[in-house]
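# Structure at a glance
The lines below spell out each chain.
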Amino acid sequence: MRLSRLSLVILLPTILLLAACQDAGAVETLPAALRQHCLRCHGAKKVSGKVNLVKSLAAKPGGLASDLDLIEKMIEVLSDGEMPPEDEKQPTKAERDRWIAELKRVLKHGLANQPCLARVPIRRMNRFEYNNAVKDLFELQRDPFALPERIVRDIGGYFKPATGKVPPFVIVGNRAMGKSQFIGTGNTLPGVSAFPKDNRAEHGFDNRGDHLSMSPVLMESFFSLSQSILNSPKFPLHARAWKTIFVAPDGMPSAQQRAEGKRRLRVFLRRAFRKDASKETVARYHQRFSQRLDDGTSFTESMKAAISAALVSPRFLYVYSGSGSQGDAKSLDDFELASRLSFFLWNSIPDVTLLDLASQGKLSDPKVLREQAARMLNHPRLKNFCDSFATQWLQLDLMVSAVPSDQRFRDYYFGGATGKIYKVGMHMAIEPLLLFETVLIEDRPITDLIAPDFSYQSDLLRRWYRHDKKKGRAEVVGIRFNRVPIKQPRWGGVITNAAVMTMTSSPLRTKPITRGAWLASTIFNDPPAPPPASVPKLEDDDAKLQKEGLTLRDKLKQHVTNPECASCHKKIDPLGFALENYDAVGRWRETYRTNLPIDSSGTLFNKHAFQDVIDFKDAMIAEKDRFARAFASHLLSFALGRKLDAGDGPSLDRIVANSAKDDYRFRTMVREVILSQSFTHSSSNGVESH
Amino acid sequence: MNQLSRRSFLYGAGGGVMALPWLNLTHAAAAESAEAAAPIRMAFYYVPIGVVRSAFFPAADKSEYKLTPTLKPLEAFKHKTNFITGLDRTIQSGTDVHAQCGSCFLTSAAPDEVKGSAYPLSRTLDHIIADHIGERTPFRTLELSCNSHKDNKESIYFDNISWYGTGHVAPSFRNPRQVYRRLFGTRGLKNYRDITDLVLEDAKSFQRELGVEDKRKFAEYFESVRSIEKQIDKVEQKKNLIAKVEMIEPDDVPLPRRKYIRLMGDLMILALQNNLTHVATMMVGPERWNTPTMYEGVFDKPMSHHQLSHAQGRQPVRQNLEKIDHFHVQQYAYMIQKMDSIKEGSRSLLDNTVFTFGSGLGDGSTHQYSELPIVTAGSGGGRFQTGRLIKCNQGTPLANLWLSYTQLMGIKRDRFADSTGLLKELDV
């Protein structure tokens, strides 16, 4: 019997696939299933969605089993009923369950075999981390330079995580959009100018290796900063560590000053370099100090010389976890663990407590880790985590450039001589961020991020939601935000608030596809693939469409008849249209302006049908396990500074399972992330992830 | 790659500080040897989001070709430019088209060649050329950008055309004052002198603790510190230079866009003219990035270039888009004119440069990478003919042009990215 080449191609690698699996009996269904339902579109006749199963089956060494990310993806699309596509032959439920179980077995087996934790490449500190590190090293009472990306400024002193409570009202400022954007550097060190903000990775955070490289220009900035910070006229005033580091003890004879300098440098370098400095390292910096001292320079100036050099050393500037040796996933050493902890929760260098525990070799003990996690979550420095993670997770920096049409939405702008200097967005952006901080401080279940029974709103914002013509208090510097009950489920949460609705709209209309993509990415960590090269255009003014008697949804339906487009848009468009009742500036509308009805119905994950956004929120709460896993993924990706892959699967499973027992409380989730294998281990053997 | 260690190069065989070819020559001697020894400069002027094709490409009859309205600003320099049509690039699917077209415009990697990255992105042409000639000048390259947006809307892949390697961006200047200080600044540099030795030692011991891949990336630290050392060594010469240069340090005040782009152009030209660098790239605007920009004198309110490109089916929108294209060509023409006014022997700086205008997108609305708008100005020291409309066969890789450039600069290479050979029509 002559075998066709195709079946040969399939038979050989399925033998390999068999070899990789443990239970030979049930396995036979899988290759046959693939042949029958998948290979035609995925490799044999064409390659849809860039997935070539024929190629993967033939790959060395283990065929399909060596691409664990692909297997993970296959499990996902089969579980959601996305594959096989609706118009193709469907398996029975029993068959589908069998395939999924089989793939899960292969995945588990594969993970047990390979060491596979992806590498975290070496990188420099980003701007925010550098600022915090310098601040903590010298116990500065203000930031060295302006950081407008930290949106919520705590003016009234509400941020006290140790109390476990956020007060009924808070006074805050919006650094990026408030009056301070015009003033400049009132609250920082004079004479110090920063380097530009680091960009965020696509679907990631600004602590990714490939986005953080060094250049001669940047190096000069670091050189310049190391001098301008120490020499700022206000530095001695604002740095609480000024005397302990830079001022010689009263009346100490110069003979002893040399030794005193060495002692102080050893303490300083331990903190700056995040581990016990070797004898050579200390000697290196001490020599610089001593040379100057011997030349007659003052103790203070000599110390400055040594320390400014330490601030440009790679041991200070670079964040690195995982030492060079090859091997399976191995535990991080205690100092690396201390750094990972502090950069995760404080965006800064470890404090002395963490370093001491590392020196004693106690930090990797799970009991100690738990205690430290709890301590760090109670520390005021937790604000750095909120400023960095929350803004990026919700992509709220898009608020800064949202420009609703000043003709159609005139009242979005207010203030100043022209009546157009400030934007209501200044107040809007703070609402979801305060919610985030409150859920964290009060250790609430993370489902409160989606459907809470309270929110923080300013007077301006409350009136905005009520379509009130009057602006009310409309503060631009210190804004008062009150804790208000949310009685109507259409409001509240990180999704259904004016900020997110405004920043996912264009000047004249909402952008449902953008909203859908935002939701898929933020809430479900499932960002759509980039659109193909040629995309048909859509009207930028929906009023024109509506004159034709079409709503945006009708028009999009026409566009999406192309099957290449339909596969992604079937998933993301319904999410966006669920939010269509919120107009381009975040207010509720029952119909479009032309009185055409709004259709916000859809189905979530092919499982939960919904009629409007309220059903939609219920559906999301019903799928809270999925949200929890997605949120844990975001947290873990931020904590590790890299993309996640199949190797992190087991860690995520455990994080979600353990947090579920505690209702998915925020602090519990953070603690579980810290205790996970992905966090406490590293591998320099794996493939670099970008 | 240069086998000389950087330090020995800096200090030379006899131990004295390395002299730069131009700065120490007397005026007369300089003039004499100018013609013989004029170095070739490479500069790139990148515009994002493509152009309106119908208003851009000149129609050609037999020998004469007329400039379209968009290209009109180049009329006076038609004889020193070449318009190239028919150049193409392959899209590698899996990334955003805008991000890829900008970040991979100058890439030396062919599609699907780079494992471990979604982008076919590796060391870009400017750095490959600088690897060969960068040691001649205090700065190997100069990367400039006229992206003045402060919101953090897009990732670095939309905002950079110059890359040291895969996942390793070469950051660019956006601030004219910073450029000035980098090129001519001496302030504070002396203070850094004794730090550099110390931290380099620290870096060597740190490097020993790193894995293989990380060692490679960490080389950036050494390069950066050594570049500062080189600058320090040139401080004295710089002081002489600043006395000659007729430009005062720019303020930190935001400028209207036309002035801003021209100021960045002036700085680039100064750097090329004074041999501070021979390789420069300027990304005039970022890819995509919807935030509206104010084009003073062109429109009376801020416009989003990207959003316009997707509505160009409508006539008024297309006209606006053509105005933006014209605006970009105008600034390019300004720079050409300035370069041509600088004499180097019997030629001009423009003649001794290859100054390329281009975009990674052929058409912004359909996101095609074919029929790219490419213009070259200057002749690389008379190495090729100018004043032509060069029509390449459809599908000719853009990389053929880049390969021809590497040949022009004296680099031996049989392939660049997905090139199929040299661009014969250019006839280098």
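Our subject in this report is the structure included herewith. (Residues numbered from 1 in each chain as written. Chains lettered and ligands numbered in written order. Predicted model: local features only at pLDDT ≥ 70, side-chain atom pairs only at ≥ 80, totals over all residues. Heavy atoms only, no water.)

## Observations concerning the overall build of chain A
Keep this limit in mind: By definition, any uninterrupted DSSP run of H or I lasting at least four residues is a helix, any uninterrupted run of E lasting at least two residues is a strand, and each is numbered from the N terminus. Under the scheme applied here, a residue whose accessible area is under 20% of the maximum for its type counts as buried, over 50% as exposed, and between as partly exposed, the area being computed with a 1.4 Å probe on protein chains only. The protein chains shown are the only cover counted for residues, whose accessible areas, like all others here, come from Shrake-Rupley with a 1.4 Å probe.
Per the secondary structure count, chain A includes 32 helices and 12 strands. Here chain A holds 690 residues, and the buried ones make up 57% of them. Summing over all exposed atoms, chain A offers an accessible surface of approximately 28,500 Å²; the carbon and sulfur share of this is 52%.

## Observations regarding the overall build of chain B
Which entries qualify depends on this criterion: In this description, contact between two residues means that some pair of their heavy atoms is separated by no more than 4.5 Å.
Along its length, chain B carries 13 helices and 11 strands. The buried share of chain B, taken over its 428 residues, is 61%. Taking the intrachain contacts of chain B between residues at least 6 apart in sequence as the baseline, contacts between residues at least 24 apart amount to 72%. Surface exposure of chain B reaches about 16,800 Å², of which carbon and sulfur atoms provide 52%.

## What to know about the sheet that holds strand β8 (residues 454–458) of chain A
Residues and elements named next belong to chain A. Note the following rule: Criterion used throughout: strands pair if DSSP finds at least two bridges between them. Each axis is a line fitted through C-alpha atoms, taken for helices only over the stretch in contact, and angles between the N-to-C directions span 0 to 180 degrees.
Spatially, β2-β3-β9-β8 is the arrangement adopted by the four strands of the open sheet, whose pairing is antiparallel. Two strands bound the open sheet, and with one partner strand each, they are β2 (152–154) and β8. Strand-to-strand twist in this sheet, taken as the mean axis angle between neighbours without regard to direction, amounts to 45°. Bridge count for β8 against strand β9 (residues 479–485) is five bridges, and the pairing is antiparallel. Its bridge partner lying in β9, Ser455 is registered against Val484. Sheet contacts for helix α21 (residues 430–441): β2, β3 (169–174), β8 and β9; angle to β8, the most-contacted strand, approximately 140°.

## Remarks on the nonpolar core
The nonpolar side chains of a soluble globular protein tend to be buried with one another. We apply this condition: Only buried Ala, Val, Leu, Ile, Met, Phe, Trp, Tyr and Cys residues count toward a nonpolar core, and they belong to the same one when joined by side-chain atoms within 4.5 Å. Per the annotation, domain bounds derive from an automatic or database assignment of domains.
Counting residues in hydrophobic clusters, the biggest one holds 113 residues, and the most contacted among them are Phe344, Phe385, Trp393, Phe436, Leu449, Leu519 and Phe631 of chain A. Examining the composition of this core, we find that nine residues originate from one element, helix α29 (residues 624–640) of chain A, more than from any other. Residues from two domains meet in this core; each of domain 3 (508–611) and domain 4 (627–680) of chain A gives at least three. When sequence neighbours within four positions are dropped, the list of residues in contact with Leu519 of chain A reads Ile495, Phe524, Leu575, Leu579, Phe616 and Met620 of chain A. The next biggest cluster of nonpolar side chains, apart from the first, holds 66 residues, and it includes Phe235 and Phe246 of chain A together with Tyr221 and Phe222 of chain B.

## Focus: the interface of chain A and chain B
Put simply, the rule reads: We define buried area as the total accessible area lost by two parts upon association, computed with a 1.4 Å probe and summed across both. A carboxyl oxygen of Asp or Glu within 4 Å of a side-chain nitrogen of Lys or Arg is what we treat as a salt bridge. Side-chain atoms alone can form a polar contact between residues adjacent in sequence; in general such a contact is a pair of N or O atoms within 3.5 Å, and within protein one must be able to donate a hydrogen while the other accepts it.
Residue-level contacts link 59 residues of chain A with 60 residues of chain B. When chain A packs against chain B, close to 5,100 Å² is buried across both sides, 54% of that on carbon and sulfur atoms. In this structure, the salt-bridge partner of Arg284 of chain A is Glu201 of chain B, at a minimum N-O distance of 3.2 Å. The tally of links between chain A and chain B comes to 17 residue pairs in polar contact (both at pLDDT 80 or more). Secondary structure elements with two or more residues in the side of chain A that touches chain B: α9 (216–230), α13 (279–294), α14 (299–310) and α15 (314–317) of chain A. No other element matches α9 of chain A, which puts seven residues into the side of chain A that touches chain B.

## Let's talk about the sheet that holds strand β6 (residues 279–283) of chain B
Residue and element names in this part refer to chain B. Taking strand neighbours across the sheet as the criterion, the seven strands line up as β3-β6-β1-β9-β10-β2-β11 in an open arrangement whose pairing is mixed. For this open sheet the edge positions go to β3 (142–145) and β11 (388–397), each flanked by a neighbour on one side alone. When strand polarity is set aside, the average angle formed by the axes of neighbouring strands in this sheet is 15°. Lying on the sheet, helix α12 (residues 315–340) is in contact with β1 (41–46), β2 (81–88), β6, β9 (353–358) and β10 (374–377); it crosses β9 at an angle near 175°.

## Some points on helix α27 (residues 563–577) of chain A
Residue and element names in this part refer to chain A. Heads up, the rule is: Helix span, as expected, comes to 1.5 Å for every residue beyond the first. Bend at a residue means the angle formed by two fitted axes: the first through the 7 residues ending at that position, the second through the 7 residues beginning there.
Under the 1.5 Å per step criterion, the end-to-end length of α27 is 20 Å for 15 residues, consistent within 8% with the ideal 21 Å. Roughly 50° is the biggest bend found in α27, and it falls at His569. For α27, the complete set of buried residues consists of Ala566, His569, Ile572, Asp573, Pro574, Leu575, Gly576 and Phe577.

## What about the pairing of β8 of chain A?
On a regular strand, one side chain projects to one face of the sheet and the next to the other, so that they alternate. Within β8 of chain A, five of the five residues are buried, which leaves it mostly tucked inside the rest of the structure. Side chains Phe454, Tyr456 and Ser458 of chain A project from β8 of chain A onto one buried face, and the interleaved Ser455 and Gln457 of chain A project onto a second face that is buried too.

## Some words on the side chain of His238 of chain A
For His238 of chain A, the position within the fold is in helix α10 (residues 235–238). Setting aside residues up to four positions removed in sequence, His238 of chain A forms contacts with Glu139, Leu140, Gln141, Arg142 and Leu189 of chain A.

As far as function goes, none of this settles anything; it's purely spatial.
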